[in-house]
Amino acid sequence: MKAVTWQGKRDVRVETVPDPRIEEPTDAIIRITSTGLCGSDLHLYEVLTPFMTPGDILGHEPMGIVEEVGPGVTGLMPGDRVVVPFQISCGSCWMCGQGLHTQCETTQVTGEGMGAQLFGYTRLYGAVPGAQAEYLRVPQAHFGPIKVPEGPSDDRFLYLSDVLPTAWQAVEYASVPPGGTLAVLGLGPIGDMACRIALQKGAERVIGVDLVGDRLRRARDRGVETFDLRDFDSEKELVAAVRDATGGRGPDSVIDAVGTEAHGSAVARLAQNATALLPQKIGGPLAERFSIDRLAALYTAIEMVRRGGTISLSGVYGGMADPMPMLTLFDKQIQLRMGQANVRRWTDEILPLLTDEDPLGVDDFATHHVSLAETPEAYDMFQKKRDGAVKVVINP
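Just so it is clear, the structure is predicted and the values come from calculations on it, not from any experiment.

A. View of helix 12 (residues 375-383). In terms of burial, helix 12 is largely enclosed, as seven of its nine residues are buried. T375, P376, A378, Y379, M381, F382 and Q383 are the residues of helix 12 that are buried. Once helix 12 finishes, K385 follows within two positions and takes phi at roughly 55 degrees, a positive value.

B. Highlighting the packing of aromatic side chains. Counted by the stated rule, this structure contains four aromatic pairs. Ring geometry for Y45 versus Y379: centroids 5.4 Å apart, planes at 35 degrees, classification tilted. Taken together, the residues Y45 in helix 1 (residues 39-47) and Y379 in helix 12 connect sequence positions 334 residues apart. Above the plane of the ring of Y173 lies R337, whose end atom (NZ or CZ) is 3.7 Å from the centre. Between the NZ or CZ atom of R344 and the centre of the ring of F143, over which it lies, the distance is 4.9 Å.

C. Quick peek at the side chain of R156. Structurally, R156 is set in the loop between strand 8 (146-147) and helix 3 (163-174). Taking the relative accessible area as the measure of exposure, R156 reaches 8% and is therefore buried. Discounting chain neighbours no more than four positions away, the residues touching R156 are L354, T355, D356, V362 and D363.

D. Examining the pairing of strand 10 (residues 205-210) more closely. Most of strand 10 is tucked away: five of the six residues are buried. As defined by bridge partners, strand 9 (residues 181-185) adjoins strand 10 across five bridges and the pair is classed as parallel. Bridging from a neighbouring strand, T181 pairs with R205 of strand 10. Two strands pair when backbone bridges link them, and strand 10 and strand 11 (residues 225-228) are joined in this way by four bridges, in the parallel orientation. Note that in strand 11 the partner of I207 across the bridge is E225. Handedness of the strand 10-helix 5 (residues 213-221)-strand 11 crossover: right-handed.

E. Structural view of helix 3. Its 12 residues place the ends of helix 3 16 Å apart at the C-alpha level, agreeing with the 16 Å of an ideal helix rising 1.5 Å per residue. Counting buried residues along helix 3, 11 of its 12 residues qualify, which places the element largely inside the surrounding structure. Among all positions of helix 3, only V163, L164, P165, T166, A167, W168, Q169, A170, V171, Y173 and A174 are buried. Structurally, helix 3 contributes buried residues whose contacts are with strand 9, helix 4 (189-200), strand 12 (253-256), strand 13 (310-313), strand 14 (335-338) and helix 11 (343-350). Phi for S175, located one or two positions after helix 3, is positive at around 50 degrees.

Reading guide: rules and limits
- Residues numbered from 1 in each chain as written.
- Predicted model: local features only at pLDDT ≥ 70, side-chain atom pairs only at ≥ 80, totals over all residues.
- Heavy atoms only, no water.
- Buried < 20%, exposed > 50% of the residue type's maximum accessible area, 1.4 Å probe, protein only.
- Helix = DSSP H or I, 4+ residues; strand = E, 2+ residues; numbered from the N terminus.
- Phe/Tyr/Trp six-rings, centres within 6.5 Å; stacked < 30°, edge-to-face > 60°.
- Lys NZ or Arg CZ within 6 Å of the ring centre and 35° of its normal.
- Contact = heavy atoms within 4.5 Å.
- Pairing = 2+ DSSP bridges.
- Right-handed = clockwise from strand over helix to strand, strands pointing away.
- Expected span 1.5 Å × (residues − 1).

Here's what the structure looks like:
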């Protein structure tokens, strides 16, 4: 089959690789009809290279048609149309019982000290072959795949794999009080969808912050108040403007939907790039123990949120030696919640919104659809935010 493989920093290629096969009784094989290109994939494209191996198959936002199931898979049969969550969880362990599917005790990558396995996402999360491919082996298929009806286009349901539950959890974790204000830093796919969900769930005001004109326009068209980073000379000016717009206190809640891709610390960028250039046997352990992030967005969130407010982190961070302003966090009495989305915890709440009325605007959420062969160019376009790229969907 054809698949998108990682070959090095900013180097992804479409190659011919062996077809996946049933390896465990609870496996299924899915023929991919649509799969997303995620902002988290860009971390592998540049920042997290010490944890990658040439030939790794990328991608973690799949949907498609079941081709084959193992003998331990019930409730799923060939021909079913399914969306596959980005994390692999069993649904029956203690952690899954708590709704913490990203901490699944059956698939935890204990050798690396990490949580549940993820599709297409570094050796830290199991190096499981990913979904930017023609076919995908799905472990724990008795629980993970979500059956969806025939009829609507893939775009109606595809985002159940990651974007929708990640944004939904970000809003839930933000705990916006009745009549409150939410600020969202970063209006990429997750930040954009988090704004839509917050308004759908009744947030009084939603403020979006970004520096890409196309993303700001998309948010404004959905009723979001926007602040363009390019209009301010410093973080302090932005924070002051948002405070002025929120009664001098700041928003009740802030979602950081940027993560380590933030435009920020030159020192952090230098450290990340230097680590990526080291041999893997040296660079991997060094990055794992001492890596630092570009924390510009998180620092902004800490300064912006009102005293006693809540910060919800949905942007991916990977540092292990990050300096944190603990005095400010403590003095402002800030609540902080974070983590990978527990997809199956939220999908039953989200599915009723994926109707013909389309209140979240999923049908036209993607800005680009590309073939598998065009994926390397799509990575470059998405990273450089060219051509209005906000969400790219790959149709193998």
